[in-house]
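# Examination of the molecular architecture
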Amino acid sequence: MKIYEKAPAKINLMLDVLHKRPDGYHEVEMIMTMVDLADRLTITELSRDTIQISSQAGYIPLDEKNLAFQAAQKIKAKYNIKQGVHIHIDKQIPVAAGLAGGSSDAAAALRGLNRLWNLQIPHEDMMELGASIGSDVPFCITGGTALATGRGELLTPLTSPPDCWVVLAKPPINVSTADVYGRFRADKIAKHPSALEMQKALENKSFDEICHQLGNVLEDVTLTHYPQVQQLKQAMIQLGADGVLMSGSGPTVFGLISRESKVARVYNGLRGFCKEVYAVRILT
Ligand code: ATP
């Protein structure tokens, strides 16, 4: 039996870091939503008690460092499953890009294995398993649009943004999330984005107000250390995207565009700056 699962990428409509907690994690406030750029997982049962990961992408770990591997390991241990599994990851989401590709693969693996072995795992337990793999995994399990607090694992579902286009561009640099958080200084932040105002904009389905409320306090860190990201952001604004922001800790920059007629101009203009450019729709 084969199970197929889609693992979509997320973008942050807002990201605020409140403070560092005694456990070393940062207390965050984020509003995240899914976009139609997805990895595709094919999950096949093996009679031998083993976990195998394969991918056409040569640059992701295929051992226990892979988050989908960890998802399989955790489900097998918790539910005492003796069968093995092979998970093929058709990687479409850029890696280490601020788009939660690894977390989404883990979430898709949890969903897929729940179906493959007919475990009927209660939602709470799925979320707990997810959070034990990574802070973004619970959001990737529920999908949609949500406010994430705590270290990112406490979720409140929100109204999705109105249907629009998202152009994503990833410059050819790798940015480590841990490094960005390590450099972040809460006292240096001039303006914090407002989760409340973004929430209102979403409820009102106001595309203009959503664009106006976009904000990410990690931009200061990443843009200072990687001028290419700043240039990309500037280019996207000049090309006419309605709202532009870096996602997560970067380096991917996304632009929200309401009119289809503008999309090709932004997409083609950015192709001059970097190879990894995608024009997709928001997942409503
Ligand atoms: P986030 O936005 O959650 O910080 P990200 O988009 O910046 O995530 P990922 O694409 O998830 O980053 O990859 C981060 C690291 O995780 C990579 O360097 C890679 O070695 C590792 N990794 C583990 N499993 C996967 C996976 N299934 N896909 C991609 N990367 C993975």
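Residues numbered from 1 in each chain as written. Predicted model: local features only at pLDDT ≥ 70, side-chain atom pairs only at ≥ 80, totals over all residues. Heavy atoms only, no water.

Looking up the protein in an unreviewed UniProt entry gives the name 4-diphosphocytidyl-2-C-methyl-D-erythritol kinase, with the organism given as Paenibacillus nuruki. Per UniProt, the comment on the protein under Sequence similarities (unreviewed entry) is "Belongs to the GHMP kinase family. IspE subfamily." In its Catalytic activity (unreviewed entry) section, the UniProt entry covering the protein states "4-CDP-2-C-methyl-D-erythritol + ATP = 4-CDP-2-C-methyl-D-erythritol 2-phosphate + ADP + H(+)". (UniProt positions renumbered as here; feature names shortened; annotations may be inferred.)

Moving on: the overall build of the protein. Within the protein, the secondary structure is distributed over 10 helices and 11 strands. Radius of gyration (C-alpha) of the protein: 19 Å, near the 19 Å computed for a compact globule of 284 residues. In terms of overall dimensions, the protein has C-alpha extents of about 55 × 40 × 35 Å along its principal axes. When the 284 residues of the protein are sorted by exposure, 57% land in the buried category. Once local pairs closer than 6 in sequence are excluded, the contacts in the protein between residues at least 24 apart make up 75%. Counting only carbon and sulfur atoms, one obtains 49% of the accessible surface of the protein, whose full area is about 12,700 Å². (Helix = DSSP H or I, 4+ residues; strand = E, 2+ residues; numbered from the N terminus. Rg over C-alpha atoms; globule rule 2.2 N^0.38 Å. Buried < 20%, exposed > 50% of the residue type's maximum accessible area, 1.4 Å probe, protein only. Contact = heavy atoms within 4.5 Å. Areas by Shrake-Rupley, 256 points an atom, 1.4 Å probe, with all protein chains shown as cover.)

Attention shifts here to the site of the ligand. In the vicinity of the ligand, 20 residues are found, and the nearest of them are Ala-96, Ala-100, Gly-102, Asp-105 and Asp-136. The separation between a nitrogen atom of the ligand and a polar side-chain atom of Asn-66 is 3.1 Å. The backbone of Gly-98 places a nitrogen or oxygen atom 3.0 Å from an oxygen atom of the ligand. Protein contacts shield 78% of the accessible area of the ligand, which totals 620 Å² for the unbound molecule. Considering each element in turn, the shell around the ligand owes the most residues, 4 residues, to helix H2 (residues 101-116). Residue composition of the shell around the ligand, grouped by class: 9 nonpolar, 6 polar and 5 charged. (Near = heavy atom within 4 Å. Polar contact = N/O pair within 3.5 Å; in protein donor to acceptor, adjacent residues only side chain to side chain. Nonpolar A, V, L, I, M, F, W, Y, C, P; charged D, E, K, R; others polar.)

A few words on the packing of aromatic side chains. Evaluated as defined, the whole model comprises 0 aromatic pairs. The positively charged end of Arg-151 is found above the aromatic ring belonging to Tyr-25, 4.8 Å away from the centroid. (Phe/Tyr/Trp six-rings, centres within 6.5 Å; stacked < 30°, edge-to-face > 60°. Lys NZ or Arg CZ within 6 Å of the ring centre and 35° of its normal.)

Our next topic: the sheet that holds strand S10 (residues 253-257). Strands sit in the order S9-S10-S7-S11 across an open sheet of 4 strands; the sheet is antiparallel. Strand pairing shows two members of the sheet lacking a second neighbour, strand S9 (243-246) and strand S11 (276-281), which therefore form its edges. Each neighbouring strand pair of the sheet contributes to a mean axis angle of 20 degrees, computed without reference to strand direction. Here 6 bridges tie strand S7 (residues 165-170) to S11, and the two strands are oriented antiparallel to one another. Bridging across to S11, Leu-168 finds its partner in Tyr-278. (Pairing = 2+ DSSP bridges. Axes fitted to C-alpha atoms, helices over the stretch in contact; angles between N-to-C directions.)

All right, on to the nonpolar core then. Among the nonpolar cores identified, the biggest contains 72 residues, and Val-85, Ile-87, Leu-110 and Leu-270 are the most heavily contacted of them. Inspection of this core shows a minimum of three residues originating in each of domain 1 (2-157) and domain 2 (165-281). Setting aside chain neighbours within four positions, we find Ile-87 in contact with Leu-41, Thr-42, Ile-43, Gln-52, Ile-53, Ser-54, Ala-68, Ala-72 and Ala-109. Judged by nonpolar contacts, the second largest core, of 28 residues, contains Leu-13, Ala-195, Leu-245 and Val-280. (Core = buried A, V, L, I, M, F, W, Y, C linked by side-chain atoms within 4.5 Å. Domains from an automatic or database assignment.)

All right, on to the pattern of salt bridges then. Across all of its chains, the model carries 16 salt bridges by this definition. A salt bridge links Asp-242 to Lys-262; the shortest N-O distance between them is 2.7 Å. With Asp-242 in the loop between helix H9 (227-238) and S9 and Lys-262 in helix H10 (residues 260-271), this residue pair connects regions lying 20 residues apart in the sequence. The class for Lys-262 is partly exposed, based on a relative accessible area of 22%. Each of Glu-5, Arg-111 and Arg-115 takes part in salt bridges that share partners, so that together they form one network. (Salt bridge = Lys/Arg side-chain N within 4 Å of Asp/Glu carboxyl O.)

Turning to its location among the elements, Ile-53 is positioned in strand S3 (residues 51-55). Assessed through its relative accessible area of 9%, Ile-53 is described here as buried. As for Ile-53 and His-88, which are separated by 35 residues in sequence, their C-alpha atoms are 5.8 Å apart.

Glancing now at helix H3 (residues 123-133). A turn of α-helix holds 3.6 residues, and therefore any two residues three or four places apart point the same way. Among the residues of H3, Met-126, Met-127, Leu-129, Gly-130, Ala-131 and Ile-133 are the ones counted as buried. On its buried face, H3 sits against helix H1 (67-78), H2, helix H4 (137-142) and strand S6 (154-158).

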